[in-house]
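Next come the chains, spelled out residue by residue.
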Amino acid sequence: MAKTTTNSKTITEKKKRVYEVAREFNLSSVAMVEQIRTLGFEVKNHMAVCTQEMVDGIQKKFEEERNASRQEIKRKDSQQKERAKDAPAAAAAPTAKKRAPQRQSAGGQSAGGQQREDSDRPR
């Protein structure tokens, strides 16, 4: 354990392992190892010790992704509002839908479950 002395007090800093940092970010340890490797750090497995530099890099990366997601959501909301603004003009001209004829099955019933009338067949 690393110990630092500040104002005659001894503070013990605990080394964090990859799996502990992964738990803090709500990720699996495998995913955290991959994220750390994409940042350019060498990590063998989930038991490796995370330096503060690694944790800072991970926090920065996730914050950037969060901000990008927020901007994407704002962009989609504004597009949806524009479409809603244009929708009353499109709704003013309703279109009539034609009803497709029902298919008949081989058993003498239409797709709607009604039996067709044949004078030759006994009931």
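Our structure is the block above this text.
Residues numbered from 1 in each chain as written. Predicted model: local features only at pLDDT ≥ 70, side-chain atom pairs only at ≥ 80, totals over all residues. Heavy atoms only, no water.

Some words on the side chain of Glu20
Note that Glu20 resides in helix H1 (residues 18-24). Beyond its immediate chain neighbours, meaning those up to four positions away, Glu20 contacts Lys14 and Lys15. (Helix = DSSP H or I, 4+ residues; strand = E, 2+ residues; numbered from the N terminus. Contact = heavy atoms within 4.5 Å.)

A word on the environment of Arg17
In this fold, Arg17 is placed in strand S3 (residues 16-17). Overall, Arg17 belongs to the partly exposed group, its relative accessible area being 31%. Separated by 30 residues in sequence, Arg17 and Met47 have C-alpha atoms that sit 5.5 Å apart. Filtering out sequence-adjacent residues up to four positions away, Arg17 remains in contact with His46, Met47, Ala48, Val49 and Cys50. (Buried < 20%, exposed > 50% of the residue type's maximum accessible area, 1.4 Å probe, protein only.)

Structural notes on the pattern of salt bridges
Overall, the coordinates contain 4 salt bridges when judged by the stated rule. Taking the shortest distance from any N to any O, the salt bridge between Arg70 and Glu63 comes out at 4.0 Å. Residue classification places Arg70 among the partly exposed positions, given a relative accessible area of 46%. The partly exposed category is assigned to Glu63, whose relative accessible area is 33%. With its nearest N and O atoms 2.4 Å apart, the salt bridge here joins Arg75 to Glu72. With Arg75 and Glu72 both in helix H3 (residues 52-91), this residue pair falls 3 residues apart, about one helical turn. (Salt bridge = Lys/Arg side-chain N within 4 Å of Asp/Glu carboxyl O.)

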